[in-house]
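Residue-level structural notes
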Amino acid sequence: MIHNSLCGSWDMINNDNFEGFMTALDISIAVRKIAALLHQKKVIEQVGDIYIVKTLSIFRNYIISFKLDQEFEEYTRGMDDRHCKSVVTWQRNKLVCTQEGEKKNRGWAHWIEDDKLYLELYCEGEVCKQVFKRINS
């Protein structure tokens, strides 16, 4: 079960190596330049046993929903537009997604540390490290 501390709305405060991660996904230079300028917001929700992670910006939104430990077909629409088989698991204090498909060693991990939400996105040796602060509502 996702710890309730992950649920909520989060504003990005740091975004290291996003360019490298997008390059590993073969995202066009024009889209990379726009995406690098964006301020992202993350919303994590739990509805029963379904979890919803929303990545929001003024340019594009990406929403994923899943059940823990169940493989699902994911279409990364608005990112690199690829199909992959994904599974999300709880590993120690991290929510970890493994994405199997055309790109190797691809996935992400979310966790809380010092009241901040951390996200590592990885693909083919590139790692993007993002940090978010909770939005008080």
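Going by an unreviewed UniProt entry, the chain carries the name Cytosolic fatty-acid binding proteins domain-containing protein and comes from Coilia grayii.

Okay, the nonpolar core next. Counting 28 residues, the largest nonpolar core has F21, F66, V88, L95 and W108 as the members making the most contacts within it. When residues of this core are traced back to their parent elements, those giving at least two are β1 (8-16), α1 (18-24), β3 (50-56), β4 (62-66), β7 (94-101), β9 (116-123) and β10 (126-134). Apart from the residues within four sequence positions on either side, W108 is in contact with F66, V88, L95, V96, C97, Q99, L119, E120, L121 and Y122.

Our focus in this paragraph is the UniProt feature "domain: Cytosolic fatty-acid binding proteins" (unreviewed entry) in the chain. UniProt marks residues 8-25 with the feature "domain: Cytosolic fatty-acid binding proteins" (unreviewed entry), using the numbering shown here. Helix makes up 39% of residues 8-25 and strand 50%, and the two end C-alpha atoms of the span are 28 Å apart.

Turning next to the sheet that holds strand β6 (residues 83-91). Taking strand neighbours across the sheet as the criterion, the 10 strands line up as β4-β3-β2-β1-β10-β9-β8-β7-β6-β5 in an open arrangement whose pairing is antiparallel. Here the strands that pair on one side only, and so sit at the sheet edges, are β4 and β5 (72-75). With direction set aside, neighbouring strand axes in the sheet form an average angle of 25°.

Most of strand β8 (residues 106-113) sits inside the fold, with 6 of its 8 residues counted as buried. The pairing of β7 with β8 spans 5 bridges and is antiparallel. Within the sheet, the bridge partner assigned to L95 lies in β8 and is H110. Counted between consecutive antiparallel strands, the loop separating β7 from β8 contains 4 residues, among which N105 sits at a positive phi close to 50°. Pairing geometry for β8 and β9, over 7 bridges, is antiparallel.

A few words now on the packing of aromatic side chains. Evaluated as defined, the whole model comprises 4 aromatic pairs. Note on F66 and F72: the rings are 6.3 Å apart at their centroids and 10° apart in plane angle, and the pair reads as stacked. The same class applies to F66 and to F72, which are both buried. Connected via pairs of aromatic rings, a cluster forms that spans Y51, F66, F72 and W108. We note K94 situated over the ring of W111; from NZ or CZ to the ring centre the distance is 4.1 Å.

A one-sided burial pattern is seen for β5, the buried positions being F72 and E74 and the unburied ones E73 and Y75. Where β5 and β6 come together, 4 bridges link them in antiparallel fashion. Bridge pairing links Y75 to H83 in β6.

All right, on to the state of the cysteines then. Overall, the coordinates contain 0 disulfides when judged by the stated rule. We note that C84 lacks a disulfide partner, and the nearest cysteine sulfur, in C97, lies 7.2 Å from it. For C84, a relative accessible area of 6% gives the class buried. Residue classification places C97 among the buried positions, given a relative accessible area of 0%.

Cut-offs and rules
- Residue indices follow the written sequence of each chain, beginning from 1 at its first position.
- Confidence filtering applies because this is a predicted model: local features only for residues at pLDDT of at least 70, side-chain atom pairs given and counted only at 80 or more, and all residues used for totals across whole chains, interfaces and linings.
- Neither water nor hydrogens contribute to the side-chain values; these are computed over all heavy atoms in the structure.
- For this analysis, a nonpolar core means a set of buried residues of the types Ala, Val, Leu, Ile, Met, Phe, Trp, Tyr and Cys, connected via side-chain atoms within 4.5 Å.
- Throughout, exposure labels follow a simple rule: accessible area from a 1.4 Å probe, protein chains only, divided by the maximum for the residue type, with under 20% read as buried, over 50% as exposed, and the rest as partly exposed.
- Segments assigned H or I by DSSP are reported as helices when at least four residues long, segments assigned E as strands when at least two residues long, and all are numbered from the N terminus.
- Here a residue-residue contact requires only that any non-hydrogen atoms of the pair lie within 4.5 Å.
- UniProt positions are given in the numbering used here, feature names are shortened, and annotations may be inferred rather than shown by experiment.
- Strand pairing is assigned whenever DSSP detects at least two bridges linking the two strands.
- What counts as an axis is a line fitted to C-alpha atoms, over the stretch in contact for a helix, and the angles between N-to-C directions run from 0 to 180 degrees.
- Each pair of aromatic rings taken from Phe, Tyr and Trp, with Trp reduced to its six-membered ring, is defined by centres within 6.5 Å and is described as stacked if the planes are under 30 degrees apart, edge-to-face if over 60, and tilted in the remaining cases.
- When the NZ atom of lysine or the CZ atom of arginine is within 6 Å of a ring's centre and also within 35 degrees of its normal, the charge is said to sit over that ring.
- Count a disulfide wherever a pair of cysteine sulfur atoms falls within 2.5 Å.

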